[in-house]
Amino acid sequence: MTVISAALFGTDWRPALPGGAELLRECATRGWTVLLTGPGPAGAPALTVAEPGGDPVRAALDLVDGRASHAVAVAGSVREVRAARRAGVPCVALETGGDAGPELRAAGAAEVHRDAAALLCVLDDSLLARPRAFGPVGAGTGGPRNG
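Within any chain, residue numbers begin from 1 and follow the written order of that chain's sequence. This being a predicted model, a pLDDT of at least 70 is required before a residue's local features are given, and a value of 80 or more before pairs of side-chain atoms are given or counted; all residues contribute to the totals for chains, interfaces and linings. Calculated side-chain values reflect all of the structure's heavy atoms, with hydrogen atoms and water omitted.

Take the pattern of salt bridges next. The term salt bridge refers to a pairing of a side-chain nitrogen on Lys or Arg with a carboxyl oxygen on Asp or Glu at a separation within 4 Å. Applying the stated criterion across every chain yields a total of five salt bridges. A salt bridge links glutamate 26 to arginine 30; its shortest N-O distance comes to 2.7 Å. We note a salt bridge from aspartate 124 to arginine 30, for which the minimum N-O separation is 2.6 Å. Linking aspartate 124 in the segment after helix H5 (116-121) with arginine 30 in the loop between helix H1 (20-29) and strand S2 (33-36), this pair joins segments that are 94 residues apart in sequence. Secondary structure follows DSSP: runs of H or I at least 4 residues long count as helices, runs of E at least 2 residues long count as strands, and numbering of each begins at the N terminus.

Written out as structure tokens, the structure reads:
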């Protein structure tokens, strides 16, 4: 499984983001390939897309010859949720980028959590543990969960 973080550790990266580095480490420990669309936290295992261009989610998938059907995006803004949707990648959104849950759901997020720490607490019950649980991307909100 590939986890793409389009907002948490890209231009919106904040070193104090609760649970961010821990979430990346846990995903890597589980054997998932973690890709970041910008610089990430020191010590968190990940590949970084140096120049994502206009479509960071597709660029990240291309970096590892990944498929959208085996990926999940973690995003912190409506803009990143939409980028994941354009790439055909289901998305878990966090309310740390300034956009609220209803806006993130309307943009296409399958789940919305308060922050990375909240997502980490429910990781085994989240979309990250089962990327196609909500059906095809764009099939509606899919009963989003709140963390």
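Let us look at the nonpolar core. Buried residues of nine kinds, namely Ala, Val, Leu, Ile, Met, Phe, Trp, Tyr and Cys, make up a nonpolar core once their side-chain atoms join them within 4.5 Å. Accessible area is worked out with a 1.4 Å probe on protein chains only. A residue is then buried under 20% of its type maximum, exposed over 50%, and partly exposed in between. By size, the foremost hydrophobic cluster in this structure holds 18 residues, and its most contacted members are Val81, Val89 and Leu104. Those elements that place two or more of their residues in this core are helix H2 (56-63), strand S4 (71-75), helix H3 (78-87), strand S5 (91-94) and helix H4 (101-107). Counting residues per element, this core draws most heavily on H3, which supplies five residues. Formed by 16 residues, the second largest nonpolar core is a distinct cluster that contains Val92, Leu94, Ala110 and Leu128.

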